[in-house]
Amino acid sequence: MKITFTDLNDMIRELKEKGVHEIRVNEAIRDVQAMIPDEYPLPIKTFSVYVTANVNGEWEDDLVAEYVEHVGCVDELASDDVLQDLHVRTGSKVDVLRELLAGEFLMVGSGRFEE
């Protein structure tokens with residue numbers, strides 16, 4: 001089971017209550033289809049920052065907590081400058097989150113916990 005947070009403070013509070021000591025921070029760039037593919041058939045790149053952590057839930061179920069922050073969205077026709085700008089902004093967000101969360105958790109790694 002995965003719990004997704006859009007508020008970083010809520011996620012931190014929840015993870016600390018559950019005794020989580022290790023989290024991972026990374027960026028994700030995904031292609032998503034437009035809502036109306038006939039009118040806009042090009043894929044759209046969505047840039048997001050993720051913070052994930054494994055949480056041992058009740059009955060030994062594995063829970064994954066995830067914080068998602070969208071940085072931007074562009075279509076395939078976007079110029080290289082626009083794409084580069086989004087990559088830089090996303091990387092900057094990842095760096096800031098790692099630094100911020102290093103004071104909250106024992107280990108802040110990279111990569112993503114999977115379900």
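Here's what I pulled together on the structure shown here. Here the residue numbers are simple positions, counted from 1 along each chain's written sequence. It should be noted that, the model being predicted, local features are given only for residues of pLDDT at least 70 and side-chain atom pairs only at 80 or more, the latter also being counted only at that level, while totals for whole chains, interfaces and linings use all residues. For the side-chain quantities, the full set of heavy atoms in the structure was used; hydrogens and water were omitted.

Let's talk about the pairing of strand 2 (residues 22-32)
Part 1 of the reasoning: The pairing criterion for strands is at least two bridges between them, as found by DSSP. Secondary structure follows DSSP: runs of H or I at least 4 residues long count as helices, runs of E at least 2 residues long count as strands, and numbering of each begins at the N terminus. Sheet analysis places strand 2 next to strand 5 (residues 107-110), joined by 4 bridges and oriented parallel. Counterpart to Arg24 in the pairing with strand 5 is Gly109.
Part 2 of the reasoning: Here strand 2 runs beside strand 3 (residues 44-56); their pairing, made up of 9 bridges, is antiparallel. The residue of strand 3 that forms the bridge with Glu27 is Val49.

Concerning the side chain of Ser48
Part 1 of the reasoning: Summarising the element assignment, Ser48 is placed in strand 3.
Part 2 of the reasoning: Note on exposure labels: buried denotes an accessible area under 20% of the residue type's maximum, exposed denotes more than 50%, and partly exposed covers the range between, all computed with a 1.4 Å probe on protein chains only. Given a relative accessible area of 3%, Ser48 falls into the buried group.
Part 3 of the reasoning: Identification of polar contacts relies on pairs of N or O atoms within 3.5 Å, with a donor-acceptor requirement for protein atoms, meaning one able to donate a hydrogen and the other able to accept it, and with residues adjacent in sequence counted only if both atoms are side-chain atoms. At 2.8 Å, the side chain of Ser48 forms a polar contact with the side chain of His70.
Part 4 of the reasoning: Sequence-distant contacts of Ser48, defined by excluding residues within four places in its chain, comprise Asn26, Glu27, Ala28, Val68, Glu69, His70, Val71 and Thr90. Contact between two residues is taken to exist if any of their heavy atoms lie within 4.5 Å; hydrogens are not considered.

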